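These are the residues of each chain, in order.
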Amino acid sequence: MSGRGRETASSASPAVGRALDILLYLAGRSGLVRAATLARDLGIPRSSAYHILTVLQERGFVTYVSNEQAYGLGVASFEIGSAYLRHEPLERLARPILRDLAKRLGQTVHLGILYGAETVYLLKERPVTGRAGDVEATLVTDIGVRLPAHLTANGRAILAHSTEAQLAALFPRPGNLITRTGKGPRSLPELLNLLARDRERGWSEEVELVSEGFRSMGVAAFDHNRRPVAALSSTWHLHYQRHDADHVREVLQQGAKRLTAAVSGRPPSKPACD
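Keep in mind it's a predicted model, so treat the numbers as computed, not measured.

Caption draft 1: Looking closely at the overall build of the protein chain. Broken down by element type, the protein chain carries eleven helices and eight strands. Summarising the internal contacts of the protein chain: among those between residues at least 6 apart in sequence, 62% fall at separations of at least 24. When the accessible area of the protein chain is evaluated, it comes to approximately 13,600 Å², of which 50% is carbon and sulfur surface.

Caption draft 2: The nonpolar core, seen in detail. The biggest cluster of nonpolar side chains holds 27 residues, and the ones touching the most others in it are L111, L232, L252 and L259. Taken together, the elements giving at least two residues each to this core come down to α6 (88-105), β3 (108-115), β4 (118-125), β7 (214-222), β8 (228-237) and α11 (245-262). For this core, the leading source of residues is α6, giving seven residues. Every residue in contact with L259, bar those within four places of it in the chain, is listed here: L90, L93, A94, I97, L111, A221 and L232.

Caption draft 3: The arrangement of the environment of V145 in detail. Looking at where V145 falls in the secondary structure, it is placed in the loop between α7 (132-136) and β5 (146-148). Taking relative accessible area as the criterion, V145 reaches 24% and is therefore assigned partly exposed. V145 sits 24 residues away from Y121 along the chain, and the two C-alpha atoms are 5.9 Å apart.

Caption draft 4: How the structure looks around α11. Taking 1.5 Å of rise per residue, 18 residues should cover 26 Å, and α11 covers 26 Å from first to last C-alpha, within 8% of that figure. Among the residues making up α11, those that are buried are A245, V248, R249, V251, L252, G255, A256, L259 and T260. A distance of 3.1 Å separates the backbone nitrogen of D246 from a side-chain oxygen at the start of α11, and that oxygen is part of D244. Of the residues one or two after α11, S264 is the one with positive phi, at around 60°.

Caption draft 5: Representation of the packing of helix α2 (residues 14-27) against helix α3 (residues 35-42) within the structure. At their nearest, the axes of α2 and α3 sit 11 Å apart, and the two run at 110° to each other. The angle between α2 and α3 places the two elements in the roughly perpendicular class. As α2 packs across α3, the resulting crossing turns out to be right-handed. Contact with α2, carried on its side by D21, I22, Y25 and L26, involves T37, L38, D41 and L42 of α3 and no other residues of that element.

Caption draft 6: Structural view of the layout of surface pockets. Counted as a void, the second largest pocket has a volume near 310 Å³. Around the second largest pocket, the lining is made up of 20 residues, and of these G202, V219, A220, F222 and P267 lie nearest the centre. Going through the elements one at a time, α10 (188-201), β7 and α11 are the ones with two or more residues in the lining of the second largest pocket. When its residues are assigned to classes, the lining of the second largest pocket shows nine nonpolar, seven polar and four charged.

Caption draft 7: The pairing of strand β1 (residues 62-65), seen in detail. Two strands pair when backbone bridges link them, and β1 and strand β2 (residues 70-73) are joined in this way by four bridges, in the antiparallel orientation. Across the sheet, the residue bridging to V62 is L73, located in β2. Connecting β1 to the antiparallel partner β2 that follows it, the hairpin turn spans four residues, and Q69 within it adopts a positive phi of roughly 50°.

Caption draft 8: Representation of the pattern of salt bridges in the model. Evaluated as defined, the whole model comprises ten salt bridges. A salt bridge links D198 to R156; the nearest nitrogen and oxygen atoms lie 3.2 Å apart. Here R156 lies in helix α8 (residues 153-159) and D198 lies in helix α10, a separation of 42 residues in the sequence. Each member of the pair, D198 as well as R156, is classed as buried. Put simply, R156, R197, D198 and R201 are held in one network by salt bridges that share partners.

Caption draft 9: Quick peek at the packing of aromatic side chains. Applying the stated criterion across every chain, the model contains one aromatic pair. Ring geometry for Y64 versus Y71: centroids 4.8 Å apart, planes at 50°, classification tilted. Overall, Y64 belongs to the partly exposed group, its relative accessible area being 32%. One cation-aromatic arrangement involves R146 over Y115; the distance from NZ or CZ to the ring centre is 4.3 Å. Positioned above the aromatic ring of W203, the side-chain terminus of R201 is 3.7 Å from the ring centre.

Caption draft 10: The packing of α3 against helix α4 (residues 46-58), seen in detail. The N-to-C vectors of α3 and α4 enclose an angle of 120°; their axes lie 9 Å apart at closest approach. The crossing of α3 and α4 is right-handed. In this structure, α3 uses A35, A36, L38 and A39 to contact α4, whose residues at the interface are R46, A49, Y50 and L53.

The rules behind the values
Residues numbered from 1 in each chain as written. Predicted model: local features only at pLDDT ≥ 70, side-chain atom pairs only at ≥ 80, totals over all residues. Heavy atoms only, no water. Helix = DSSP H or I, 4+ residues; strand = E, 2+ residues; numbered from the N terminus. Contact = heavy atoms within 4.5 Å. Areas by Shrake-Rupley, 256 points an atom, 1.4 Å probe, with all protein chains shown as cover. Core = buried A, V, L, I, M, F, W, Y, C linked by side-chain atoms within 4.5 Å. Buried < 20%, exposed > 50% of the residue type's maximum accessible area, 1.4 Å probe, protein only. Expected span 1.5 Å × (residues − 1). Polar contact = N/O pair within 3.5 Å; in protein donor to acceptor, adjacent residues only side chain to side chain. Axes fitted to C-alpha atoms, helices over the stretch in contact; angles between N-to-C directions. Parallel < 35°, antiparallel > 145°, perpendicular 65-115°, else oblique. Left-handed = near helix turned anticlockwise from the far one by under 90°. 1 Å grid on protein atoms, 1.4 Å probe; cavity = no way out; pocket = protein on both sides within 12 Å on 5 of 7 lines; lining within 4 Å. Points joined across faces, edges and corners; volume = space filled by probe spheres on them. Nonpolar A, V, L, I, M, F, W, Y, C, P; charged D, E, K, R; others polar. Pairing = 2+ DSSP bridges. Salt bridge = Lys/Arg side-chain N within 4 Å of Asp/Glu carboxyl O. Phe/Tyr/Trp six-rings, centres within 6.5 Å; stacked < 30°, edge-to-face > 60°. Lys NZ or Arg CZ within 6 Å of the ring centre and 35° of its normal.

Here it is as structure tokens:
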């Protein structure tokens, strides 16, 4: 489209352009933003900013945290991002990396993304040899399976780099988080504490939160905005452990670093939540 064509389209739909500017602005911020700050930084009249934010909030693209009187991205924004990441390019880039990790570890490795508050597994690579065949029969983490993200190492590796506003939008019932085995965080404050620890150390893990007798570790990969786009994770039976946990973590971190580079991403320079 020519410059004149873009100008005509923009002048014909200023609210659309401003709404997109607001979403991109919020996506680039690490925390909540007040409407006045947003309007000032984007050069939008306050009345227009409040009107657009109200519409975006009604549609789920932004969330409003009343006790801080500020805004952040909402669930609908996450769903659009997750839909994009389910396209083949990410899977094509990740497949050889997962194949190598499964071979090195001798155990199952996954590529997962967030879809709302759930982990969705896009790829699953099994080792060629070893006793993994017996373990595979009881794994629930197959391609396309959705699991509560706060229970999976894969999901928590991504959630650890989300803002509190985003987490509040993903978990609107903060005192009633579900469990599968009776273990795991029961409330949003409890989950926030776990995510803060995961973010600080750069990896996540779960032990028997998804299935009895199984343990998983997960490490996030990042895009050019230092945002988590997916996570690599590995699951193994507690009684068939081939490597110590430190070795699994190191291999997954190497794989996540390769995937981050493959998507022209950059690791975060500071925590997403203050």
